[in-house]
Amino acid sequence: MKHLKGSCLCGSVEIQVPDNFHFIGYCHCSECRKWSGSAFTSGGLVDSADFQITKGEESVSYFHKSEETDLAFCKNCGSSLFSKKLKRGKSIVRLGILNDAPSQKPSTHIFVGSKAPWYDISDKLTQFDELPQGSSFSEVSSQTLKPLARICSSLASSACFRAALAISMPESAACWD
Ligand SMILES: [Zn+2]
Ligand SMILES: [Zn+2]
């Protein structure tokens, strides 16, 4: 499988992920804005087992935001790198640190209800005020849905996306930081 490489601003830290995110999207919540210093974060979710720090592990610091989430940054240059979803075995990679272009594109905006008032979303991607809730696919096994979720996360279908999210983060209460 193709892999994507990424690095921080100063180059101390390098990472690698498969070019196969469970989903990719934008989070507009106030915490993501603080964390990124921007209007929103761009994140791609992978299994932590598939995510590798290939250089500079000693330069990575973690802010323990909550019981669910550690936020990783470069202690030399301050670049926001990725988060670890501690109870779910997932990592969310900041798309801005990638040196290679992922083959998927962001499909969704979440926490649009609390977005920065000075920022207007001008694309046609699916928007959710908070997180997508529930899934009409919940009776189907996640084994069946995993390939589907990968496909539909690139189709910007909200029903499909709810299924993808339900699979990847079943008791999801947190954002994509
Ligand atoms: Zn750095
Ligand atoms: Zn967020």
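Residues numbered from 1 in each chain as written. Chains lettered and ligands numbered in written order. Predicted model: local features only at pLDDT ≥ 70, side-chain atom pairs only at ≥ 80, totals over all residues.

Draft legend 1. The arrangement of the overall build of the protein chain in detail. Check the secondary structure of the protein chain and you find 3 helices and 11 strands. The helix and strand sequence of the protein chain, counted from the amino end, reads β-β-β-α-β-β-β-β-β-β-β-β-α-α. Across the 177 residues in the protein chain, those meeting the buried criterion constitute 37%. Considering only intrachain contacts with a sequence separation of at least 6, the fraction spanning at least 24 residues in the protein chain is 60%. (Helix = DSSP H or I, 4+ residues; strand = E, 2+ residues; numbered from the N terminus. Buried ≥ 20, exposed ≤ 12 C-beta atoms within 10 Å, placed from the backbone. Contact = placed C-beta atoms within 7 Å.)

Draft legend 2. Local environment of the environment of Lys55. Tracing the backbone shows Lys55 in strand β5 (residues 52-55). Taking the C-beta count within 10 Å as the criterion, Lys55 has 15 such neighbours and is therefore assigned partly exposed. Between the C-alpha atoms of Lys55 and Ser12, which are 43 residues apart in sequence, the distance is 7.1 Å. In this structure Lys55 touches Val13 and Glu14, once residues within four positions along its chain are discounted.

Draft legend 3. Structural context of the environment of Ser48. Within the secondary structure, Ser48 is located in the loop between β4 (41-47) and β5. Along the sequence, Ser48 and Leu86 sit 38 residues apart, while their C-alpha atoms lie 9.3 Å from each other. Apart from the residues within four sequence positions on either side, Ser48 is in contact with Lys84, Gly89, Lys90 and Ser91.

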